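For reference, the chains in residue letters:
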Amino acid sequence: MTSQEIDITSIVNAVINILTKRQNAVYKTDLNALTKGISKSVYSNYSTLFITLPDMQFIQQLASHGRSTHVTPAVQHVYDALSYGLELKINIHEHLLPSLPIEGLALLPIQLSDQLGNTIKLETAPVLGYQQVITLTGKWLITPKTTLVTPLAKDILIQNNIHLIKVR
């Protein structure tokens with residue numbers, strides 16, 4: 001092996017070590033800390049950004065995809081994290097669920113849960129039938145008010161203890 005091959009091998013091994021450590025690392029933060037900023041090291045050392053119990057203003061701005069007249073620093077930091085490839089998980093209080101802007105949130109690569117960690121599924125399809133709900137897990141299914149839910153789908157939701165919330 002030449003010295004150049006050894007250098008390349010050591011660089012590759014260093015990158016593999018960094019990615020292996022990063023793979024399951026979660027950076028947990030709240031809205032106050034997120035407003036102050038995220039260290040650039042978070043982007044390389046963590047694979048997931050987990051935000052606990054943000055307020056509705058933050059959620060609405062996040063769902064607006066930057067089209068809002070004023071994007072708060074917290075929302076901008078989330079967009080930065082997404083651009084660096086971090087997964088986004090948000091823990092939302094269940095009292096906010098009926099007000100979620102699901103059309104905007106459904107377009108983002110995020111995972112939602114309630115304050116107890118139960119999965120929240122957003123569905124924007126105009127019709128929900130058996131096929132769409134039979135594989136659902138979690139506690140919450142949130143749809144637009146106009147979504148038609150078939151009787152069989154409602155039965156499956158009840159049977160699986162999944163709460164349906166229709167938002168405006």
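Looking at an unreviewed UniProt entry, the protein chain carries the name PduM family microcompartment protein, with the source organism given as Vibrio algarum.

As for its position among the elements, L107 is in the loop between α6 (102-106) and β4 (110-114). Residues L107 and A63, spaced 44 residues apart in sequence, show a C-alpha to C-alpha distance of 8.2 Å.

One non-glycine residue, L53, lies in positive phi territory at about 45°. In this fold, L53 is placed in the loop between β2 (48-52) and α4 (56-63). The exposure class assigned to L53 is partly exposed, which follows from its relative accessible area of 46%.

Counted under the stated rule, the structure contains one salt bridge. The closest approach of N and O atoms between K121 and E123, which form a salt bridge, is 3.9 Å. Classification of E123 by relative accessible area gives buried; the value is 19%.

Let us look at the packing of aromatic side chains. Tallying each qualifying case throughout the model produces two aromatic pairs. Ring plane angle 65° and centroid distance 5.3 Å describe the contact between Y27 and Y46, whose orientation is recorded as edge-to-face. Linking Y27 in strand β1 (residues 26-30) with Y46 in the loop between α3 (40-45) and β2, this pair joins segments that are 19 residues apart in sequence. Accessibility expressed as a relative area gives 26% for Y46, which makes it partly exposed.

With respect to the helices and strands, V15 occurs in helix α1 (residues 3-22). The sequence separation of V15 and K145 amounts to 130 residues, and the corresponding C-alpha distance is 48 Å.

Rules used throughout
Residues numbered from 1 in each chain as written. Predicted model: local features only at pLDDT ≥ 70, side-chain atom pairs only at ≥ 80, totals over all residues. Heavy atoms only, no water. Helix = DSSP H or I, 4+ residues; strand = E, 2+ residues; numbered from the N terminus. Buried < 20%, exposed > 50% of the residue type's maximum accessible area, 1.4 Å probe, protein only. Salt bridge = Lys/Arg side-chain N within 4 Å of Asp/Glu carboxyl O. Phe/Tyr/Trp six-rings, centres within 6.5 Å; stacked < 30°, edge-to-face > 60°.

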